[in-house]
Amino acid sequence: MKKILTLAGLAAMIPILISQSCSAPETDLVLSADMDAAPVGTVSERLLGFNIVYAKNPDSLWTSGVLSRAIKDVNPGFLRYPGGTVNTYFHWEHPTGNGWEDLWDPAYDTARDRPASEYMDIDEYIALVKETGAEPLVGINVNSGFRWGRVEEGIQEALRLMKYCRDKGLDVKYWYMGNEPYMHDCNGGASTPAEYGEMINAFVPRMREFDPDIKIVANWHATFRKHGGQYDELFAVAGKNIDVVDVHWYCMWGNASWDQWLSRTPCGVFTGDSYESEIRQFREIAARNGYPDTELASLEWNVGPGKRSKGPRLTPDQSALIQSEMLIQFIRGGLDMATFWPLFWDSEFGFRSFFDKQTGKPQPISEIMKIFGRFQGMDVMDFSLEGPGESIVAAAVRDKGKEEMHLCILNKNDCEVSVSLDIAGSKKRAQIENYHISSDLRDLLHDPSLRTRTDNVILKPYSLTFITL
């Protein structure tokens, strides 16, 4: 077994031992699928993107090449720039490095600009996109112009950005408009759906004059059951100028903990809906408003920070399994695109990041994302799971050539679970790879790929198992 990560010091968390007497006896499940059946969907080729928060990106983090290689190894979709709410303050021709302050604010003093080495400018972003092979996703600051009465200047700034990217050989087709306009920390404060829609309407027609083929991403609240009426209003005002709707999903926002995650399968939003259910609800909302082809994205997703959590803070190793469950649901639900937040961070919430700034090494989720990255573009297959599998989450995908089927099974039980595979069309040869939490819940352990002819697979407690048939 290969140990992915060992946490330094007992202070990181109080060790909790997996019970040696399981809360339930070993469970027998039967997973049935047909390798030759028609697919039920396609795994998005933009499933595994990342956020580049320009003001949090010192040049020093990229000099070793470790981070850029880790991104490239995942087969990345989008690299989203300049990040989240900083986009509502960002002026690409004069980046200040002070992400949540506006250069157009009359009170702003340019003497406070941070050195260029402490942030990522547009040229450095373009270079990173080309180096990693990712697809660009670039933000438009729609807020500054409306806040300071300079809307036309804001539109011209956006058009210059589009031309600059084209002149630099960067073909940007997806542009996202502002960020979290419903939040108080957005530049200018919270907007209503109608107000945000009017911002979109002011910019998009002019942008499409420059490039008619662009795709526009709008962002509004998650939890469609609660905010469906607001989406009706947004679509009514600006639906014709929206190609993609972006929602931000942070599993267990505010109360993230290991026990909280284990208490609910499948995981999901605070209303009780799973991510699969959220995706279905969005399709219904878009269709009833006359825009059935509008795509859905989660351009910020992760485990939620646990400011109010009961129990020890989550570790990067535990977070990797929670993040994996979210990815499984994105695959099963048919999410159109996603970008992980954060790539790295410098606060107490760094446990859920992709890269550790302190060690200069990728976090455990990076290894698992390499496997999920290979699934992008594959067929999503139907399957059945028979038996008491309340704490089991799974997905099945097949390569386009119909040569291999891949099963991904997450076991959230504190017991081993036995799964019998009934896969029509399979040659009975399997390759099995496993990630599981150590008995003290401190480390994510890896059982390297093993070839076998068995039809029965034992899922370890708290584990993620990949099976290739």
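Refer to the structure printed above.
Residues numbered from 1 in each chain as written. Predicted model: local features only at pLDDT ≥ 70, side-chain atom pairs only at ≥ 80, totals over all residues. Heavy atoms only, no water.

**Some thoughts on the overall build of the protein chain**
Link 1 in the chain: Looking only at helices and strands, the protein chain has 10 helices and 22 strands in total.
Link 2 in the chain: A compact globule built from 469 residues should have a C-alpha radius of gyration of about 23 Å, and the protein chain, at 23 Å, falls within 12% of that.
Link 3 in the chain: For the protein chain, the spread of C-alpha atoms along the three principal axes comes to 65 × 50 × 40 Å.
Link 4 in the chain: In the protein chain, which comprises 469 residues, the proportion classed as buried is 58%.
Link 5 in the chain: Residue pairs in contact within the protein chain that sit at least 24 positions apart in sequence constitute 79% of those at least 6 positions apart. (Helix = DSSP H or I, 4+ residues; strand = E, 2+ residues; numbered from the N terminus. Rg over C-alpha atoms; globule rule 2.2 N^0.38 Å. Buried < 20%, exposed > 50% of the residue type's maximum accessible area, 1.4 Å probe, protein only. Contact = heavy atoms within 4.5 Å.)

**Some thoughts on the sheet that holds strand 5 (residues 78-81)**
Link 1 in the chain: Strand order in the closed barrel formed by 8 strands is 4-5-6-7-8-9-10-11, and the pairing between neighbours is parallel. Neighbour to neighbour, the strand axes of the sheet diverge by 30 degrees on average, direction disregarded.
Link 2 in the chain: The pairing of strand 6 (residues 135-140) with strand 7 (residues 174-177) spans 4 bridges and is parallel. Within strand 7, the position partnered with Ile140 by the bridge is Met177.
Link 3 in the chain: The sheet strands contacting helix 9 (residues 316-333) are strand 9 (244-251), strand 10 (295-303) and strand 11 (337-340), and the helix crosses strand 10 at an angle near 170 degrees. (Pairing = 2+ DSSP bridges. Axes fitted to C-alpha atoms, helices over the stretch in contact; angles between N-to-C directions.)

**Description of the environment of Gly154**
Link 1 in the chain: Positionally, Gly154 belongs in helix 4 (residues 151-167).
Link 2 in the chain: Judged by relative accessible area, which is 2%, Gly154 ranks as buried.
Link 3 in the chain: Through-space distance from the C-alpha of Gly154 to that of His91 is 9.2 Å; in sequence the pair is 63 residues apart.

**What to know about a positive patch on the surface**
Link 1 in the chain: A contiguous patch of positive charge on the surface is contributed by Lys427, Arg429, Arg451 and Arg453.
Link 2 in the chain: With respect to the element layout, Arg451 can be found in strand 20 (residues 444-452).
Link 3 in the chain: For Arg451, a relative accessible area of 69% puts it in the exposed group. (Patch = residues over 30% accessible without salt bridge, like charges linked within 9 Å, V, L, I, M, F, W, Y side chains within 5 Å. Areas by Shrake-Rupley, 256 points an atom, 1.4 Å probe, with all protein chains shown as cover. Salt bridge = Lys/Arg side-chain N within 4 Å of Asp/Glu carboxyl O. Lys, Arg positive; Asp, Glu negative; His and termini not counted. Charge placed at Lys NZ, Arg CZ, Asp CG, Glu CD.)

**Notes on helix 4**
Link 1 in the chain: Compared with the 24 Å implied by 1.5 Å per residue over 17 residues, the 24 Å span of helix 4 between its first and last C-alpha is a close match.
Link 2 in the chain: For helix 4, the complete set of buried residues consists of Gly154, Ile155, Glu157, Ala158, Leu159, Leu161, Met162 and Cys165.
Link 3 in the chain: Gly169 lies just past helix 4 and shows a positive phi near 80 degrees. (Expected span 1.5 Å × (residues − 1).)

**Looking at the nonpolar core**
Link 1 in the chain: Membership of the largest hydrophobic core comes to 117 residues, with the highest contact counts inside it found for Trp175, Trp249, Phe354 and Phe372.
Link 2 in the chain: With 8 residues, helix 9 is the single largest residue contributor to this core.
Link 3 in the chain: The contact partners of Phe372, leaving out residues within four places of it in the chain, are Leu48, Ser324, Leu327, Ile328, Ile331, Cys408, Leu464 and Phe466.
Link 4 in the chain: Leu31, Ala396, Val419 and Ile432 belong to the second-largest nonpolar core, a separate cluster that totals 22 residues. (Core = buried A, V, L, I, M, F, W, Y, C linked by side-chain atoms within 4.5 Å.)

**Quick notes on the pattern of salt bridges**
Link 1 in the chain: Applying the stated criterion across every chain, the model contains 21 salt bridges.
Link 2 in the chain: Ionic pairing is found between Arg206 and Glu152, a salt bridge with its closest N-O pair at 2.8 Å. Here Glu152 lies in helix 4 and Arg206 lies in helix 5 (residues 193-210), a separation of 54 residues in the sequence.
Link 3 in the chain: Here Glu152 falls in the partly exposed class, since its relative accessible area comes to 40%.
Link 4 in the chain: A network of salt bridges, in which partner residues are shared, links Asp73, Glu367 and Lys370.

**What to know about the environment of Leu343**
Link 1 in the chain: Mapped onto the elements, Leu343 comes out in the loop between strand 11 and strand 12 (355-356).
Link 2 in the chain: Sequence separation between Leu343 and Asp259 is 84 residues, and the spatial gap between their C-alpha atoms is 25 Å.
Link 3 in the chain: Those residues within four positions of Leu343 in sequence are excluded, and the remaining contacts are Phe50, Asn51, Ile52, Trp62, Leu67, Ile71, Ser353, Phe354 and Phe355.

**A closer look at helix 8 (residues 275-288)**
Link 1 in the chain: End to end, helix 8 covers 20 Å across 14 residues, agreeing with the expected 20 Å (1.5 Å per residue, within 8%).
Link 2 in the chain: One or two steps after helix 8, the chain reaches Gly290, where phi turns positive at roughly 85 degrees.

**Quick notes on the side chain of Ser366**
Link 1 in the chain: Here Ser366 lies in helix 10 (residues 365-375).
Link 2 in the chain: One polar contact links the side chain of Ser366 to the main-chain carbonyl oxygen of Gln363, over a distance of 2.7 Å.
Link 3 in the chain: With sequence-adjacent residues up to four places away left out, Ser366 is seen in contact with Val74 and Phe354. (Polar contact = N/O pair within 3.5 Å; in protein donor to acceptor, adjacent residues only side chain to side chain.)

**Thoughts on the packing of aromatic side chains**
In this description, a pair of aromatic rings is defined by centroid distance and the angle of the planes.
Link 1 in the chain: Counted according to the given criterion, the structure contains 26 aromatic pairs.
Link 2 in the chain: Judged by centre distance (5.1 Å) and plane angle (65 degrees), the ring pair of Phe78 and Tyr174 falls under edge-to-face. On the criterion of sequence distance, the pair formed by Phe78 in strand 5 and Tyr174 in strand 7 is long-range, its members being 96 residues apart. One exposure class covers both Phe78 and Tyr174, and it is buried.
Link 3 in the chain: Clustering of aromatic rings is evident, with ring pairs tying together Phe50, Trp249, Tyr275, Trp301, Phe330, Phe340 and Phe354.
Link 4 in the chain: The ring of Trp345 has Lys56 lying over it, and the distance from NZ or CZ to the ring centre is 5.1 Å.
Link 5 in the chain: Residue placement shows Arg150 over the ring face of Trp104; its charged tip is 4.1 Å from the ring centre. (Phe/Tyr/Trp six-rings, centres within 6.5 Å; stacked < 30°, edge-to-face > 60°. Lys NZ or Arg CZ within 6 Å of the ring centre and 35° of its normal.)

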